[in-house]
Amino acid sequence: QVQLVESGGGLVQAGGSLRLSCAASGSIFSSSAMAWYRQAPGKQRELVAQINNGDSTNYAYSVKGRFTISRDNAKNTVYLQMNSLQPEDTAVYYCMLYHPPTGMDYWGKGTLVTVSS
């Protein structure tokens, strides 16, 4: 079974940066699409960024130009570099893996990012 382990969350001041990591177990990482979602208190979970197995990317408008998603297939890891963080970025960030050949998706447990003003 695929397991996703996230790290890098924490407290940062507005204007600062954080880098989230998500390491995936198993052998399907390279054939999978990866994404980061986030959920703020009282709000629905939203897609932040995604990257497919061909390295094409998409971003939510609210983070475009500030966040960068990348992957390292040799390490089975996806990253989210977050720059110019704002208080409205405060949320639990979730890593997601989607495996097109099987149609399966997997989720991490989430990591909390808190941006103070």
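Residues numbered from 1 in each chain as written. Predicted model: local features only at pLDDT ≥ 70, side-chain atom pairs only at ≥ 80, totals over all residues. Heavy atoms only, no water.

A look at the packing of aromatic side chains
Here the distance between the centres and the angle between the planes together describe a pair of aromatic rings.
Part 1: Across all of its chains, the model carries one aromatic pair by this definition.
Part 2: Measuring from ring centre to ring centre gives 4.9 Å for Y37 and W107, while their planes differ by 55°; the resulting arrangement is tilted. On the criterion of sequence distance, the pair formed by Y37 in strand β4 (residues 33-39) and W107 in strand β10 (residues 104-107) is long-range, its members being 70 residues apart.
Part 3: Judged by its relative accessible area of 37%, W107 is partly exposed.
Part 4: Positioned over the ring face of F29 is R71, at 4.6 Å from the centre of the ring. (Phe/Tyr/Trp six-rings, centres within 6.5 Å; stacked < 30°, edge-to-face > 60°. Helix = DSSP H or I, 4+ residues; strand = E, 2+ residues; numbered from the N terminus. Buried < 20%, exposed > 50% of the residue type's maximum accessible area, 1.4 Å probe, protein only. Lys NZ or Arg CZ within 6 Å of the ring centre and 35° of its normal.)

Overview of the pattern of salt bridges
Part 1: All chains considered together, the criterion is met by three salt bridges.
Part 2: Here E46 ties to R38 by a salt bridge, and the two come within 2.8 Å at their closest N and O atoms.
Part 3: When its relative accessible area of 34% is taken as the criterion, E46 is described as partly exposed.
Part 4: With a relative accessible area of 6%, R38 lands in the buried category. (Salt bridge = Lys/Arg side-chain N within 4 Å of Asp/Glu carboxyl O.)

A look at unusual backbone geometry
Part 1: Phi at N76 takes a positive value of approximately 50°, unusual for a residue other than glycine.
Part 2: Tracing the chain through its elements places N76 in the loop between β7 (67-72) and β8 (77-82).

As for the environment of S7
Part 1: Within the element layout of this structure, S7 appears in strand β1 (residues 4-7).
Part 2: The sequence separation of S7 and S70 amounts to 63 residues, and the corresponding C-alpha distance is 15 Å.

Focus: the sheet that holds β1
Part 1: Taken in spatial order, the four strands line up as β1-β3-β8-β7 in an open sheet, and their pairing is antiparallel. Among the strands making up the open sheet, the edge pair consists of β1 and β7. Between one strand axis and the next, the sheet turns by 15° as a mean value, whatever way the strands run.
Part 2: Bridge analysis of strand β3 (residues 18-24) against β8 gives six bridges, and the strand direction is antiparallel. Across the sheet, residue A23 finds its bridge partner in β8, namely T77. (Pairing = 2+ DSSP bridges. Axes fitted to C-alpha atoms, helices over the stretch in contact; angles between N-to-C directions.)

From the geometry alone we can't say anything about function, so treat these as descriptive.
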